[in-house]
Amino acid sequence: MKEKIAIYPGTFDPITNGHISIIKRGLEIFDKLIVAILINKRKRPLFSVEERLYMIKEATKDLKNVEVDSFEGLLVDYAVKKGAKAIIRGLRATLDFEFEFQMALMNRKLNSSIQSVFLMTDYKWLYVSSSIIKEVASFGGDIRGLVPEIVYKKLKEKFGY
Ligand code: PNS
C-alpha cells in the first residue's frame with residue numbers, strides 16, 4: 001500500500017509544545033509527516049530558517065517518520081512535489097478558525113486533491129502561540145515547559161536572560 005504522507009506547514013518561529021502535540025497526533029494517522037517551514041520574504045522572523053530547521057530537527061529527533069524541510073511558493077504545489085495527500089493544521093480555539101477556514105478553502109480551490117486535516121491541540125497548549133512565547137521571553141518571563149528544551153535555550157541566547 002502507498003505511504004500516506006502529510007505536510008504540517010507553518011512559520012514555526014519558534015516551534016512550541018503545541019506544535020509538537022500536533023506532530024504526535026498527526027503521526028497516529030499518517031505514515032510520514034513533513035514539517036515544512038515557509039520561507040516568507042515578507043515576514044521578519046526572530047529566528048532564521050536555518051535556526052528554525054535546527055530547532056525542529058532537535059525537538060523531533062526521537063520521533064519516527066518525521067521529515068523537516070522548508071519551502072517557498074504555494075503550499076499545494078509543495079505538497080504535490082512531496083507526494084503528500086494532506087495538509088495538517090492545528091486548532092486551538094475559535095480564534096484560529098476563520099483564518100484556517102479561509103486557507104483550507106483557498107488550498108482546495110488551488111488543488112482539490114489535497115485534503116486539509118485539522119487536529120485539536122491538547123488543552124495544555126490552548127494558550128500557547130509562537131508570538132506570545134516570543135513576547136514573554138523578550139521580557140525575561142519564564143517559558144520553560146511550554147517549548148522544547150532546545151527552543152528554551154535558543155530564546156535564552158537571543159534575549160540574554
Ligand atoms: O504558522 P503560520 O504562519 O500560521 O503558517 C501559515 C502557512 C505557512 C501555512 C501559510 O501562510 C501558507 O501555506 N503559505 C504558503 C503560500 C500559500 O500556499 N498560500 C495559499 C494558501 S493560504
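As the structure is a computational prediction, the values presented were derived from the model and not from experiment.

Undergrad: Can you help me understand the site of the ligand in this one?
TA: The environment of the ligand is formed by Pro 9, Gly 10, Thr 11, Leu 38, Lys 43, Gly 73, Leu 74, Leu 75, Arg 89, Phe 99, Met 103 and Asn 107. The side chain of Thr 11 places a nitrogen or oxygen atom 2.5 Å from an oxygen atom of the ligand. Considering the ligand on its own, with 540 Å² of exposed area, one finds that the protein chains cover 75% of that surface. Put simply, the parts of the chain that give the shell around the ligand at least two residues each are β1 (5-10) and α4 (94-110). In terms of residues, the shell around the ligand owes the most to one element, α4, which gives 3 residues. Split into classes, the residues belonging to the shell around the ligand amount to 6 nonpolar, 4 polar and 2 charged.

Undergrad: How should I be thinking about the pairing of strand β4 (residues 86-91) in this particular structure?
TA: Consecutive side chains of a regular strand alternate in pointing toward one face of the sheet and then the other. β4 sits mainly inside the fold: 5 of its 6 residues count as buried. One ladder, built from 2 bridges, connects β1 with β4; its direction is parallel. Pairing of Ala 6 across the sheet is with Ala 86, part of β4. Sheet analysis places β4 next to strand β5 (residues 115-120), joined by 6 bridges and oriented parallel. What sits directly across from Ile 88, in β5, is Val 117. After leaving β4, the chain enters α4 and then returns to the sheet as β5, a path that is right-handed.

Undergrad: Hey, could you run me through the side chain of Thr 16 in this one?
TA: Within the secondary structure, Thr 16 is located in the loop between β1 and α1 (17-29). In terms of polar contacts, Thr 16 uses its side chain to reach the backbone amide nitrogen of Gly 18, at 3.1 Å. Setting aside its immediate chain neighbours within four residues, Thr 16 contacts Val 128, Ser 129, Ser 130, Ile 133, Leu 146, Val 147 and Pro 148.

What counts, and at which threshold
- Within any chain, residue numbers begin from 1 and follow the written order of that chain's sequence.
- Local features are withheld for residues below a pLDDT of 70 in this predicted model, meaning they are given only at 70 or higher, and side-chain atom pairs are given and counted only at 80 or more; totals for whole chains, interfaces and linings count all residues.
- Think of the side-chain values as coming from all heavy atoms in the structure, minus any hydrogens and water.
- Here a residue counts as near a molecule or strand whenever at least one of its heavy atoms sits within 4 Å of it.
- In the analysis that follows, any N or O atom pair within 3.5 Å is treated as a polar contact, provided that within protein one partner can donate a hydrogen and the other can accept it, and provided that, for residues neighboring in sequence, both atoms belong to side chains.
- The protein chains shown are the only cover counted for residues, whose accessible areas, like all others here, come from Shrake-Rupley with a 1.4 Å probe.
- Numbering goes from the N terminus for both helices and strands, where a helix is a DSSP run of H or I of at least four residues and a strand is a run of E of at least two.
- Note on residue categories: nonpolar means Ala, Val, Leu, Ile, Met, Phe, Trp, Tyr, Cys or Pro, charged means Asp, Glu, Lys or Arg, and polar means any other residue, Gly included.
- The rule is simple: take the accessible area with a 1.4 Å probe, protein chains only, and divide by the maximum for that residue type; under 20% is buried, over 50% is exposed, in between is partly exposed.
- For two strands to count as paired, DSSP must find a minimum of two bridges between them.
- Seen with its strands pointing away from the viewer, a crossover is right-handed if its path from the first strand over the helix to the second goes clockwise.
- Contacts are assigned to residue pairs with any non-hydrogen atoms lying within 4.5 Å of each other.

Honestly, that's just the spatial picture; any functional story needs more than this.
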